[in-house]
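Geometric and topological summary
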Amino acid sequence: METEGKLCLADVFVSISDPRQAGKVRHDLVELLVVAVNAVLVGAYTFVEIELWAKEKLDWLRGYLRLKAGIPSHDTFGRLFGLIDPTQFEAAFRRWVGSILPTLGADAVVAIDGKSSRRTGKLNATPLHLVSAFAAGAGLVLGQRATAAKSNEKTTIPELLATLALEGCIVTFDAMGTQTNIAQAIRNRGAHYVLALRDNQPSLADSLRDLFARFKAAPDRTPHAMSETVEKDHGRIETRRCYAFDQLACLHKPERWHDLNSFAVIESQREIKGRTTLAQRYYLSSLAPDADRLLRAIRAHWSIENRLHWCMDVVFADDQMRARTGHAAHNLAVLKHITLNLIRLDPTPRKGGIKARRLIAATSDSYRAQLLGLT
């Protein structure tokens with residue numbers, strides 16, 4: 001599975017250790033992982049569906065894989081995915097992404113956020129919660145990390161950041177990631193940060209609100225930059241104004257935030273059926289107080305909700321996933337990220353989005369081979 005010097009999936013999967021007892025292995029690990037990617041690509045959601053599809057397409061699969069012992073049962077797939085070290089699977093995923101997206105370029109926005117697979121939790125245990133890094137411009141998942149038991153995103157985010165190449169990028173977070181150690185970690189990776197500020201930092205948030213209230217009362221007295229966008233869609237008119245400031249001395253303990261250079265307020269005015277609402281959101285950033293640049297980065301952050309989390313739920317039925325054995329849920333989630341990236345890498349414009357492309361892949365051997373880099 002190799003195209004134009006890029007790492008093929010089979011070569012990447014070689015780096016994953018086989019957790020099974022050597023004397024009892026009948027099916028090659030790499031081949032089973034490639035079969036699973038194919039099955040998820042065409043619409044399989046469970047290990048039973050992976051087995052059923054693979055057996056129907058055995059002749060086609062043998063055009064690229066040996067599969068000496070044929071296709072294993074769904075129980076074998078389930079046990080295997082439950083045993084594979086998810087840390088190794090994630091590392092293999094990042095290595096593959098690095099080969100298809102070697103550099104992100106200056107000012108590329110990397111949005112980081114978490115999502116839970118609601119039905120993967122056992123009795124008295126929390127469900128799988130993955131923190132993912134998403135390249136907003138490219139629409140690709142760069143990496144992911146599961147939160148540990150009895151932990152949260154605050155401890156997982158620095159671990160994920162340490163695995164990513166972020167030089168020159170702009171990393172964005174919602175309020176959960178607005179922590180001083182996370183700001184430091186981002187700057188240590190050579191990237192800039194834009195962090196949403198809410199009541200998880202109450203004193204800092206209050207000082208910013210007070211400053212903005214004084215600014216609105218007398219705008220000409222406070223140096224600032226402003227950028228505005230207007231969007232009209234589905235009967236709604238939304239005007240967004242970004243006000244950027246560098247009066248850091250007005251904030252509560254600004255020295256705690258590594259390389260803090262600006263803060264911004266996004267004022268959103270929505271008009272729906274004659275009713276107007278106004279909302280304000282606050283941000284800290286290591287960027288200069290450039291309102292245009294900050295507004296673009298903040299808007300780009302929401303792509304992780306619309307183009308990743310929404311796709312995982314609606315297209316890949318992530319919230320309905322019931323895999324609970326060992327690491328199965330975690331490894332299946334990574335497999336879905338691989339599939340999403342494969343589809344997004346298709347350069348041919350097609351109507352119908354990701355769901356339609358999976359349908360075409362299910363019915364067209366040539367299109368499926370094209371997505372997987374077999375042709």
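Scope of this entry: the structure provided in the associated data block. (Residues numbered from 1 in each chain as written. Predicted model: local features only at pLDDT ≥ 70, side-chain atom pairs only at ≥ 80, totals over all residues. Heavy atoms only, no water.)

**Brief notes about the overall build of the chain**
Note the following rule: Strands are runs of DSSP state E lasting at least 2 residues, helices are runs of H or I lasting at least 4, and numbering of each runs from the N terminus. To get the radius of gyration, use the C-alpha atoms; to get the globule rule, take the number of residues to the power 0.38 and multiply by 2.2 Å. For every residue, the accessible area (1.4 Å probe, protein chains only) is compared with the maximum for its type, and the residue is labelled buried under 20%, exposed over 50%, or partly exposed between those bounds. It only takes one pair of heavy atoms within 4.5 Å for two residues to be counted as in contact. The protein chains shown are the only cover counted for residues, whose accessible areas, like all others here, come from Shrake-Rupley with a 1.4 Å probe. Neither His nor the chain termini are counted; the positive set is Lys and Arg, and the negative set is Asp and Glu. All charge positions are set by atom: Lys at NZ, Arg at CZ, Asp at CG, Glu at CD.
Scanning the chain from N- to C-terminus turns up 14 helices and nine strands. Taking 21 Å as the expected radius of gyration for a compact globule of 375 residues, we find that the chain reaches 23 Å, a close match to that expectation. Dimensions of the chain, computed from C-alpha atoms along their principal axes, come out at roughly 75 × 45 × 40 Å. The buried share among the 375 residues of the chain stands at 50%. When contacts within the chain are restricted to residue pairs at least 6 apart in sequence, those whose partners lie at least 24 apart make up 61%. Approximately 17600 Å² of the chain is accessible, and the part contributed by carbon and sulfur atoms is 50%. Considering the chain, the positive charge centre built from 50 side chains and the negative charge centre built from 40 side chains are found 4 Å apart.

**A few points about helix H12 (residues 328–344)**
For clarity, the cut-off: One less than the number of residues in a helix, times 1.5 Å, gives the span that helix is expected to have.
Spanning 17 residues, H12 covers 24 Å between terminal C-alpha atoms, matching the ideal 24 Å at 1.5 Å per step. Within H12, 17 of the 17 residues are buried, which leaves the element mostly enclosed by the surrounding structure.

**Observations concerning the packing of aromatic side chains**
Basically, it comes down to this: Aromatic pairs are defined between Phe, Tyr and Trp rings, using the six-membered ring for Trp, whenever the two ring centres lie within 6.5 Å; interplanar angles under 30 degrees are classed as stacked, those over 60 as edge-to-face, and all others as tilted. Throughout this description, the term charge over a ring refers to an Arg CZ or Lys NZ atom that lies within 6 Å of the ring centre and within 35 degrees of the ring normal.
One pass over the structure, following the stated rule, counts 11 aromatic pairs. One aromatic cluster is present, built from ring pairs that chain together Phe212, Phe215, Tyr243, Phe245 and Phe263. Directly above the aromatic system of Trp60 lies the positively charged group of Arg368, at a separation of 4.2 Å from the ring centroid.

**Notes on the pairing of strand E5 (residues 192–197)**
Selection rule: When DSSP finds two or more bridges between a pair of strands, those strands are recorded as paired. Call a crossover right-handed when, viewed with both strands pointing away from you, the route from the first strand across the helix to the second goes clockwise.
Most of E5 is tucked away, with five of its six residues classed as buried. In this sheet, E5 lies alongside strand E4 (residues 170–173) in parallel orientation, the contact comprising four bridges. Bridge pairing in E5 places Ile170 opposite His192. With helix H8 (residues 180–188) bridging E4 and its parallel neighbour E5, the resulting β-α-β unit is right-handed. Relative to strand E9 (residues 275–285), E5 is paired through four bridges, and the arrangement is antiparallel. By the bridge assignment for E9, Ala196 is matched with Tyr283.

**Here's the deal with the nonpolar core**
Inclusion rule: We call a set of buried residues a nonpolar core when its members are Ala, Val, Leu, Ile, Met, Phe, Trp, Tyr or Cys and they connect through side-chain atoms within 4.5 Å of each other.
Core analysis: the largest hydrophobic core is formed by 108 residues, its most contacted members being Phe13, Phe89, Leu161 and Ile338. Tallying contributions element by element places helix H2 (residues 29–41) first for this core, with 11 residues. The residues touching Ile338, leaving out its near neighbours within four places in the chain, are Leu9, Phe13, Val37, Phe89, Phe93 and Trp96. Judged by nonpolar contacts, the second largest core, of 17 residues, contains Tyr283, Ala291, Leu294 and Ala300.

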